[in-house]
Amino acid sequence: MPTPPWARAAAGANTYDHGAGVVLPTVYERTTAASIAAGAINLGQGFPDAEGPQWMRAAAAEAITSEAGPTNQYPPGIGLPALREAVAAHQQAHYGVELDPSEQVLFTTGATEGIAASILAFSEPGSEVVTFEPWYDSYGAMVGLAGAELRTVPLTAPDFRPDLAALRALVTERTSMILLNSPHNPTGALFTAAEITEIVEIARQAGAVVMSDEVYEHLVFDDAAHTPVLSVPGAEEVAVAVSSVGKSFSLTGWKVGWVTGSPDLVNRVRGVKQFLSFTSAPAYQWATALGLGDDRGFFAANQEQLQRTRDLVMSGLMEAGLRPYLPAAGYFILADVSPVTDKTAAEFAVELVERAGVGAIPVSALTLPSTQRDTGSALNGMLRFAFCKDDEVLDRAMSRLDQWIR
Ligand SMILES: Cc1ncc(COP(=O)(O)O)c(C=O)c1O
């Protein structure tokens, strides 16, 4: 592990060039740049083609340019009261979770800042942070920055269920945090209430904090249900949840997020958060509060659309000869490329973007270096395809893939 903090952060997310001693762009940026250079269809980065609700965008514009809503000056560091109240009311209405908006909801600049502030608040040099692998890359970066060590429990195909016996074996008195992400990026696994309850119990016994990243909470398919961590027994003692406007409303550029949990834990996260960005985006906070208060049918319509595009990409990948795994939630499908190539998925991704004209993310970029070196790990043979795109774009991508592989 390199020693300066910037290099530890980069190395933790596989974006440190050890030879040159420089920071590389994230895997998403690299895939996007490679796709643009090759004129490829980019199914790498997880942002939707379709814009979010017009009425929310109009509300944000109105808040910026008129007297409606907040001013354009610093909003409160913990977030606009309207946003905190809307987050609490949304948790109550959707999950029956009761939160006091004045002490149990903290606005953050995207879930990304909530993740950073939580990890930096609770992990320290010498401690270990445990998560499921593959993981969202900012976890590795922040654990590296904190000087802690990231330990992982692999999620394995075909259903990517968390191995709780393996988790129990890995969690010790050195464990400061367990990072949970359900619905899970990139596998699309939806952890059950029983699994989340056991994870919370494991953390409680070890005196560790659980951070639960729930940004895909409204992108759940086939009538399955998301279980928020704060709805399970014992969670109020040990867990903070993180979510945001981005995925739920197809407004990924707005960067309005929130951390929820007990007054004590939220207060501790605030200790870090208020010196990262302090605050941001009053108009977007305002419009997000309106959306959370009444989504006007957006969640259901978006779910239906995404389930359709998920099924379209599943069939396309299967027809092209890959082995895709059906996700229960989220924006992504993982597909095993070994039926069509002897190469690793990282090597195959380079060919795919240049020769087939389709960009995808090698899952190995979202794993530990030790997993990347493990020739027996199935994760090294998997690519992540985003299906949050227009039908016509996905149709073209699938036919390019099919023609090239044939
Ligand atoms: C699992 C996960 N957490 C957090 C984020 C970031 O959320 P935000 O855009 O609100 O910072 C993403 C975005 O891709 C994600 O996939």
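Conventions used here
- Within any chain, residue numbers begin from 1 and follow the written order of that chain's sequence.
- Under the rules for a predicted model, residues below a pLDDT of 70 receive no local features and side-chain atom pairs below 80 are neither given nor counted, while totals for whole chains, interfaces and linings still include all residues.
- Here the side-chain values reflect all heavy atoms present in the structure, with hydrogen atoms and water set aside.
- In this description a helix means any DSSP run of H or I spanning at least four residues, a strand means any run of E spanning at least two, and both kinds are numbered starting from the N terminus.
- Each radius of gyration reported is based on C-alpha atoms, and the globular scaling rule is 2.2 Å times the count of residues to the power 0.38.
- A 1.4 Å probe rolled over the protein chains alone gives each residue an accessible area, and that area as a share of the maximum for its type sets the label: buried under 20%, exposed over 50%, partly exposed in between.
- For accessible areas, the Shrake-Rupley method is used with a probe of radius 1.4 Å. Any residue's cover is judged against the shown protein chains and nothing else.
- It suffices for a single heavy atom of a residue to lie within 4 Å of a molecule or strand for the residue to be listed as near it.
- Two N or O atoms form a polar contact when they lie within 3.5 Å of each other; inside protein one atom must be a possible hydrogen donor and the other a possible acceptor, and for residues adjacent in sequence the pair counts only when both atoms belong to side chains.
- Pairs were defined over the aromatic rings of Phe, Tyr and Trp, the Trp ring being its six-membered one, requiring ring centres within 6.5 Å. Orientation was assigned from the angle between planes: stacked under 30 degrees, edge-to-face over 60, tilted for the rest.
- Note on geometry: a ring has a charge over it if NZ (lysine) or CZ (arginine) is within 6 Å of the ring centre and within 35 degrees of the ring normal.
- By definition here, a helix of n residues has an expected span of 1.5 Å times n minus one.
- Should any heavy atoms of two residues lie within 4.5 Å, those residues are considered in contact.
- Where each domain starts and ends follows an automatic or database-derived domain assignment.
- By buried area we mean the combined loss of accessible area, with a 1.4 Å probe, across both parts when two parts are placed together.
- Should a side-chain nitrogen of Lys or Arg be within 4 Å of a carboxyl oxygen of Asp or Glu, the pair is scored as a salt bridge.
- Nonpolar cores were defined as sets of buried Ala, Val, Leu, Ile, Met, Phe, Trp, Tyr and Cys residues, with membership established by side-chain atoms within 4.5 Å.
- Strands were regarded as paired on the criterion that DSSP finds at least two bridges between them.
- Orientation is described by axes fitted as lines to C-alpha atoms, over the contacting stretch for helices, and by angles from 0 to 180 degrees between their N-to-C directions.

Asker: Help me understand the overall build of the protein chain in this model?
Answerer: Counting secondary structure elements, the protein chain contains 16 helices and 15 strands. Its C-alpha atoms give the protein chain a radius of gyration of 21 Å, within 12% of the compact-globule value 22 Å for 406 residues. In terms of overall dimensions, the protein chain has C-alpha extents of about 60 × 50 × 45 Å along its principal axes. Here the protein chain holds 406 residues, and 58% of them are scored as buried. For the protein chain, the accessible area works out to roughly 16,100 Å², and carbon and sulfur atoms hold 52% of it.

Asker: Please clarify how the site of the ligand should be interpreted in this entry.
Answerer: In the region of the ligand, 13 residues are neighbours, and T112, D213, Y216, S244 and K255 sit closest. Contact distances for the ligand include 2.8 Å between an oxygen atom and a side-chain N or O atom of N185. S244 places a polar side-chain atom, nitrogen or oxygen, 2.7 Å from an oxygen atom of the ligand. Top contributing element to the shell around the ligand by residue count: helix α5 (residues 110–122), with 4 residues.

Asker: Where do I start with the packing of aromatic side chains in this structure?
Answerer: The geometry of two aromatic rings is summed up by the distance between their centres and the angle between their planes. Inspection of every chain in the model, using the stated rule, returns 13 aromatic pairs. Taking the centre distance of 4.6 Å and the plane angle of 25 degrees together, the rings of W254 and Y284 count as stacked. In this pair, W254 is assigned in the loop between α10 (245–248) and β10 (256–261) and Y284 in helix α12 (residues 282–293), connecting sequence segments 30 residues apart. For W254, a relative accessible area of 10% puts it in the buried group. Cluster of aromatic residues (ring-pair linked, three or more members): Y216, Y331 and F332. The side chain of R296 reaches across the aromatic face of W55, ending 3.9 Å from its centre. Sitting over the ring of F47, K389 keeps its end group 3.7 Å from the ring centre.

Asker: Even after reading the chapter, I still don't get helix α4 (residues 81–95), so can you show me in this structure?
Answerer: Since the α-helix advances by 3.6 residues per turn, residues separated by three or four positions end up pointing in the same direction. Taking 1.5 Å as the rise per residue, α4 with 15 residues should run 21 Å; its terminal C-alpha atoms sit 21 Å apart, in good agreement. Against β4 (105–109), β10, α12 and α13 (298–319) lie the buried residues of α4. Looking one or two residues past α4, G96 carries a phi angle of roughly 70 degrees, positive in sign.

Asker: How should the domain arrangement of the protein chain be read in this particular structure?
Answerer: It is common to give the size of an interface as the accessible area that goes away when the parts come together. According to the domain assignment, the protein chain contains domain 1 (5–51 + 298–405) and domain 2 (54–293). Contacts between the two partners involve 38 residues from domain 1 and, on the opposite side, 37 residues from domain 2. At the boundary of domain 1 with domain 2, total buried surface from both sides reaches about 3,300 Å², with 63% on carbon and sulfur atoms. A salt bridge links R310 to D222; the nearest nitrogen and oxygen atoms lie 3.0 Å apart.

Asker: What is the right way to look at the pattern of salt bridges in this model?
Answerer: As a working rule, side chains carrying opposite charge can pair if their charged atoms are close by. Here the structure, examined in full by the defined rule, presents 16 salt bridges. Close ionic contact of E128 with R174 constitutes a salt bridge, the shortest N to O distance being 3.1 Å. Of this pair, E128 sits in strand β5 (residues 128–133) while R174 sits in the loop between α7 (164–170) and β7 (175–181), placing them 46 residues apart in sequence. Exposure remark for E128: the relative accessible area of 6% places this residue in the buried category. A relative accessible area of 42% means that R174 is categorised as partly exposed. When the shortest N-O distance is used, the salt bridge between R161 and E195 registers 2.7 Å. With R161 in the loop between β6 (149–154) and α7 and E195 in helix α8 (residues 193–206), this residue pair connects regions lying 34 residues apart in the sequence.

Asker: How should the nonpolar core be read in this particular structure?
Answerer: Side chains of a nonpolar character, in soluble globular proteins, are inclined to be buried together. By size, the foremost hydrophobic cluster in this structure holds 63 residues, and its most contacted members are L317, L352, L383 and F385. Looking at which domains feed residues into this core, each of domain 1 (5–51 + 298–405) and domain 2 (54–293) supplies at least three. Ranked by size, the runner-up nonpolar core spans 56 residues in total, among them V105, L170, A208 and A235.

Asker: For this particular structure, what's the right way to read the sheet that holds strand β11 (residues 323–325)?
Answerer: In a beta sheet, neighbouring strands pair by backbone hydrogen bonds and run either parallel or antiparallel. Read from one edge to the other, the open sheet built from 4 strands follows the order β11-β12-β15-β14, with strand pairing classed as antiparallel. The sheet is open, and its two edges are formed by β11 and β14 (361–362), each paired on a single side. Two elements, β11 and strand β12 (residues 332–336), share 3 bridges in a ladder whose sense is antiparallel. Across the sheet, the residue bridging to R323 is D336, located in β12.

Asker: Please explain the sheet that holds strand β9 (residues 239–244) as it appears in this structure.
Answerer: One open sheet holds the 7 strands; their spatial order is β4-β10-β9-β8-β7-β5-β6, and the pairing between them is mixed. If you trace the sheet from one side to the other, it starts and ends with β4 and β6, each paired once. Across the sheet, the mean angle separating the axes of adjacent strands is 25 degrees when strand polarity is ignored. Two strands pair when backbone bridges link them, and β7 and strand β8 (residues 209–213) are joined in this way by 5 bridges, in the parallel orientation. Residue M177 lies in a different strand from β8, and its bridge partner there is V209. Helix-sheet contacts for α4 involve β4 and β10, and the interaxial angle to β4 is about 115 degrees. Seen against the sheet, α8 touches β5, β7 and β8 and runs at an angle of roughly 170 degrees to β7.

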